[in-house]
Amino acid sequence: MAGITQDWEPVVLRKKAPTAADRKDEKAVNAARRVGAEIETIKKSNAGTNKAAKSTATLNTRKLDEDTENLTHDKVPSEMKKAIMQARMDKKLTQAQLAQMINEKPQTIQEYESGKAIPNQQIISKLEKALGTKLRGKK
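Owing to the predicted nature of the structure, the values given are computational and were not obtained by experimental measurement. (Residues numbered from 1 in each chain as written. Predicted model: local features only at pLDDT ≥ 70, side-chain atom pairs only at ≥ 80, totals over all residues. Heavy atoms only, no water.)

Caption draft 1: Expanded view of the layout of surface pockets. Counted as a void, the largest pocket has a volume near 200 Å³. Taken together, Arg23, Lys24, Glu26, Ala28, Val29, Ala32, Ile39, Glu40 and Thr41 make up the lining of the largest pocket. Those elements that place two or more of their residues in the lining of the largest pocket are helix H1 (20-24) and helix H2 (26-35). At 4 residues, the largest contribution of residues to the lining of the largest pocket is made by H2. Residues of the lining of the largest pocket, tallied by class, amount to 4 nonpolar, 1 polar and 4 charged. (1 Å grid on protein atoms, 1.4 Å probe; cavity = no way out; pocket = protein on both sides within 12 Å on 5 of 7 lines; lining within 4 Å. Points joined across faces, edges and corners; volume = space filled by probe spheres on them. Helix = DSSP H or I, 4+ residues; strand = E, 2+ residues; numbered from the N terminus. Nonpolar A, V, L, I, M, F, W, Y, C, P; charged D, E, K, R; others polar.)

Here it is, written out as structure tokens:
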């Protein structure tokens, strides 16, 4: 027990230093003004704007303007839409009946016959089976 000693040095507890956000707070700035401390204000050049995004947008816009490639979806060729219509009429089916036979919506048949649909090989093969004609060879 002779080796035990007490440590009587004082322990000082302090508040943590203010963070950068705390120093920029309006209350802290006003308190510093009252005390007479120096306050530095800096106007940032891009503050409150999104200029960095604007600069890349102009590059992308220029690339799009220079691009002359025509990017459109394929449409049903007129020969195919006429063949679908003719085969359906020969079987005396309505668009709704044909759609029901191939488990598609009537709107799908309407789009194929009007030429607005984007050709789907699965639907075309269903139409070929239901109508008993070859549609793909007539492209």
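Caption draft 2: Region of interest: the packing of helix H6 (residues 106-114) against helix H7 (residues 121-131). Contact geometry of H6 with H7 gives a least axis separation of 12 Å together with a crossing angle of 90°. Here H6 is positioned roughly perpendicular relative to H7, judged by the angle of their axes. Contacts between H6 and H7 involve Thr108, Ile109 and Tyr112 from the first element and Ile123, Ile124 and Leu127 from the second. Class assignment of the residues belonging to the contact of H6 with H7 gives a composition of 5 nonpolar, 1 polar and no charged. (Axes fitted to C-alpha atoms, helices over the stretch in contact; angles between N-to-C directions. Parallel < 35°, antiparallel > 145°, perpendicular 65-115°, else oblique. Contact = heavy atoms within 4.5 Å.)

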